[in-house]
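# Examining the three-dimensional arrangement
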Amino acid sequence: MGKNIHHTEKGSTMTNQTSQSVVKGALILTFAGLISKILSAGYRVPLQNITGDLGFYVYQQVYPILGVALILSLYGFPAAISKLVSELREEKSFLSLPSFYLPVFSWLMGICGLIFVIGFTQAPAIAAVMGDEKLIPSLRSAFFVFLLVPIISLFRGVFQGMNQMKPTAVSQVVDQLIRVSTIIATAVLVIKFDRLYAVGIGASAASFLGACGGLGVLLLYVKKQSIWKNERWSTSVSYIRTILFYGLFICLNYTLLLSMQFVDSLSLVPGLLEFGVEMEKARVLKGIFDRGQPLIQLGTVLASSVALALIPSVTRKRYEKDPEHVKTYMYNSTKISLIMALGATAGLIVLFPEINQLFFQNTEGTSALRVMMLVILFASLSLTTASVLQGLGYVHHTATLILLAIGLKVFGNYLLIPAFGLHGAAAASTIATAFVLAGNIVLLGKEIPLNRWLNMPWLKIGAALTGMILFLILFHDFGERIMADGRVLLLIYTLIMTALGGLVYFLLLLMLGTFTKKELEPMPFYNTVQRLLPKGLKS
């Protein structure tokens, strides 16, 4: 009996260590993802400033293709390979070079090679749909990045399958740093030699060099340890099924915002032509509309940052073991994401004229881009709820919702852009992301009763948000007066108003009792904060 107890304790310790390792690994990937996404959002402002709206339009036309390659190499294929490695390690003591690495690499190369061949040969047809034949060289160059996706995905997936997240994290940050610096450098050269459409080729070259840098980091990690043997073995695990279905479904779950951009790259310019805009003006307007993308990306990343660490903490096994604890965790995470997303969305809408002038040097497109900022709210909550659902095993359901949202966005653009121009495109994106959120909420209703969501302090959140908006509007005239006084003064004003608006919102949330004491206890300044809480607040 003593031996049984000893074995049980040992097994429990090992399980806890594995669980801690998974959570720690997820946090490393989360942190790397945050850095990369902030870099990805940040460089687009100087890129637009250097190349102008037309140059920014060229870049944004090829960006969705480069983005798909990035997501496949960072999330889709590595997740599938990680799953394969985890399954194989249960029945094999090592990974075989001829029986695992070569077959998996061959399948990946086949898929990515097919994408490259189709994309490269059909670039003229894609450019024709976009309404701009000058984009053909940029589109062709963008598809070369897919040739590096297989080897990068393979190594990332193997390391993740062995619970080693650091190689993926470091390679991701190095990739992004090289990519960003090269894009800015090529933008300067493009302007110097007056070849604006070469911005797309420069972006593709930057992505290729960034991928090479990421691969170099992974090879250094491979060199440090033995991750394969030359011996053959047989297995019943299906490589292609996991890679194709699991990998591509995971990939789809990360493409909500990217898919909206891809639809716009294909249909916005043709739609504006139907709206009655001339071709050259339509291209510039597309560049102006794309100003919203870095702000949406940054706002969504910050508002849903809580959700990025959710998947390892919310699993079906944990939910069945301790449902109330997991439900509380899901509810609190969604609540925090909602509060942050509402604040970011409302703040950007009110301050958008100043932000537009500060970042992009004029206020063109402000009205349509204000509508576009609603995407932050719906996309942030969609990401948070999708993370919870994926942890509970709803991977296929959330991916299907995104596919339906893409169809809705296509239909929305087709219907609304010829009638309302840029406002139509903004409305179509907002409707599509709101649809994904609504679908996620319906799916979550199977796990958490609807009354739990209805009990959220909606009135208190609304009152705090109204207070913040009124505060920002009160000083709005002052911002309009200093817009002509240069970017330095405008930067100081915008930073001060952002900080004060956020502070007013947070203080009102506290004073109105939006959070429970239990939710606030982990905060670093809890002892100071609790003095602002209303008397009789629930624990």
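So, a few notes on the structure that sits alongside this text. (Residues numbered from 1 in each chain as written. Predicted model: local features only at pLDDT ≥ 70, side-chain atom pairs only at ≥ 80, totals over all residues. Heavy atoms only, no water.)

## As for the overall build of the protein chain
Short version of the rule: Runs of E in the DSSP output that reach at least two residues are strands. Runs of H or I that reach at least four are helices, and both are numbered from the N terminus. Between buried and exposed lies partly exposed: a residue is buried under 20% and exposed over 50% of the maximum accessible area for its type, with that area taken using a 1.4 Å probe on protein chains only. Any pair of residues with heavy atoms lying within 4.5 Å of one another is described as a contacting pair. Areas reported as accessible are Shrake-Rupley estimates using a 1.4 Å probe. Residue values count occlusion only from the protein chains shown.
A count of helical and extended segments in the protein chain gives 24 helices and zero strands. Split into buried and exposed, the 539 residues of the protein chain put 53% on the buried side. For the protein chain, restricting intrachain contacts to residue pairs at least 6 apart in sequence, the fraction spanning at least 24 positions comes to 82%. Carbon and sulfur atoms make up 68% of the accessible area of the protein chain, which amounts to about 24,300 Å² in all.

## Considerations on the packing of aromatic side chains
The condition is simple: Put simply, two rings from Phe, Tyr or Trp (the six-membered ring, in Trp's case) pair if the centres are within 6.5 Å, and we call them stacked under 30 degrees between planes, edge-to-face over 60, tilted for the rest.
Here the structure, examined in full by the defined rule, presents 13 aromatic pairs. Residues Y75 and Y254 carry aromatic rings whose centres are separated by 3.9 Å and whose planes lie at 5° to one another, so their mutual orientation is stacked. Taken as a pair, Y75 in helix α2 (residues 44-91) and Y254 in the loop between α9 (239-253) and α10 (256-275) lie far apart in primary sequence, 179 residues in all. Of the residues examined, Y254 reaches a relative accessible area of 31% and is grouped as partly exposed.

## Quick notes on a nonpolar patch on the surface
Note the threshold: By definition, no residue in a patch forms a salt bridge, and every one has over 30% relative accessible area; like charges are joined within 9 Å, nonpolar side chains (Val, Leu, Ile, Met, Phe, Trp, Tyr) within 5 Å. The salt bridge criterion pairs a side-chain nitrogen of Lys or Arg with a carboxyl oxygen of Asp or Glu, the two atoms within 4 Å.
Taken together, V488, L489, I492, I496, L500 and L503 make up a surface patch of nonpolar side chains, about 520 Å² in accessible area. Mapping L500 onto the fold places it in helix α22 (residues 487-511). Judged by relative accessible area, which is 35%, L500 ranks as partly exposed.

## Considering the environment of L508
Examined against the element boundaries, L508 turns out to sit in helix α22. As a C-alpha pair, L508 and A463 span 45 residues in sequence and 8.0 Å in three-dimensional space. Setting aside residues up to four positions removed in sequence, L508 forms contacts with A464, G467 and M468.

## A short note on the nonpolar core
Operational definition: Take the buried Ala, Val, Leu, Ile, Met, Phe, Trp, Tyr and Cys residues and link them wherever side-chain atoms come within 4.5 Å; each set so joined is a nonpolar core.
Of all hydrophobic cores here, the largest spans 147 residues; its most connected members are Y59, F100, V104, L139, V158 and Y505. If you tally residues by element for this core, the top one is α2, at 22 residues. Beyond its immediate sequence surroundings of up to four residues, F100 is in contact with I81, L84, V85, L88, L95, L154, V158, W233 and Y239.

## With respect to the pattern of salt bridges
Summed over the entire model, instances satisfying the criterion amount to six salt bridges. Note that E280 is salt-bridged to R283, the shortest N-O span being 3.6 Å. One end of the pair is E280 and the other is R283, both in helix α11 (residues 279-289) and three residues apart, which spans about a single turn. For K286, the salt bridge goes to D290, with nearest N and O atoms at 2.6 Å.

## Here's the deal with the side chain of N440
Note the following rule: Under the rule applied, a polar contact is a pair of N or O atoms within 3.5 Å (in protein, one hydrogen donor and one hydrogen acceptor; residues adjacent in sequence only if both atoms are side-chain atoms).
Take N440: it is sitting in helix α18 (residues 422-444). Residue N440 is classed as buried on the basis of its relative accessible area of 0%. A polar atom in the side chain of N440 sits 3.2 Å from the backbone oxygen of S382. The contact partners of N440, leaving out residues within four places of it in the chain, are S382, T385, A386, L389, T398 and L401.

## Concerning helix α3 (residues 97-121)
Let me state the cut-off plainly: Working rule for helices: expected span equals 1.5 Å times residues minus one.
The terminal C-alpha atoms of α3 lie 33 Å apart, and with 25 residues this matches the ideal 36 Å at 1.5 Å per residue to within 8%. Of the residues making up α3, those classed as buried are P98, S99, F100, Y101, V104, L108, I111, C112, G113, F116 and G119.

## Considering the environment of T242
For T242, the position within the fold is in helix α9. For T242, a relative accessible area of 11% puts it in the buried group. For the pair T242 and L84, spaced 158 residues apart in sequence, the C-alpha to C-alpha distance is 7.4 Å. Residues in contact with T242, not counting those within four places in the same chain, are A80, K83, L84 and G247.

## Thoughts on the packing of α9 against helix α17 (residues 395-420)
What counts is decided by this rule: Only the stretch in contact is used when fitting a helix axis, every axis being a line fitted to C-alpha atoms; angles between N-to-C directions are given from 0 to 180 degrees. Roughly parallel refers to an angle under 35 degrees, roughly antiparallel to one over 145, roughly perpendicular to one between 65 and 115, and oblique to any angle outside these ranges. Here a crossing is called left-handed whenever its near helix is offset anticlockwise from the far helix by less than a right angle, and right-handed whenever the offset is clockwise. Three categories are distinguished: nonpolar for Ala, Val, Leu, Ile, Met, Phe, Trp, Tyr, Cys and Pro, charged for Asp, Glu, Lys and Arg, and polar for the others, with Gly belonging to the last.
Their axes nearest at 8 Å, the elements α9 and α17 cross at an angle of 55°. As the angle between them shows, α9 and α17 are arranged oblique. Helix-helix and strand crossings are classified by hand; for α9 and α17 the assignment is left-handed. Within the contact between the two elements, α9 uses F249, I250, L252 and N253 and α17 uses V395, H396, T398, A399, I402 and L403. Class assignment for the residues of the contact of α9 with α17 results in seven nonpolar, three polar and no charged.

## Thoughts on the side chain of T514
With respect to the secondary-structure elements, T514 resides in the loop between α22 and α23 (517-520). Here the side chain of T514 touches L509 through a polar contact of 2.9 Å, landing on its backbone oxygen.

## Notes on unusual backbone geometry
In this structure, D194 takes a positive phi of about 55° despite not being glycine. The residue D194 is located in the loop between α7 (166-192) and α8 (199-224) in this model.

## Brief notes about the packing of α7 against α8
Close contact between α7 and α8 brings their axes to 7 Å; oriented N to C, the two are set at 155°. In this view, α7 runs roughly antiparallel relative to α8, as classed from their interaxial angle. Handedness of the α7/α8 crossing: right-handed. Across the contact of α7 with α8, the residue classes break down as 14 nonpolar, nine polar and three charged.

## A few points about helix α16 (residues 374-391)
When the terminal C-alpha atoms of α16 are compared, their 26 Å separation across 18 residues agrees well with the 26 Å that a helix rising 1.5 Å per residue should span. Among the 18 residues in α16, 15 count as buried, and that is most of the element. Two residues or fewer past α16, G393 is found with a positive phi of approximately 100°.

## Brief notes about the environment of L196
By secondary structure assignment, the location of L196 is in the loop between α7 and α8. Taking relative accessible area as the criterion, L196 reaches 22% and is therefore assigned partly exposed. The residues contacting L196, other than those within four sequence positions of it, are T51, L54, G55, V58, V190 and I191.

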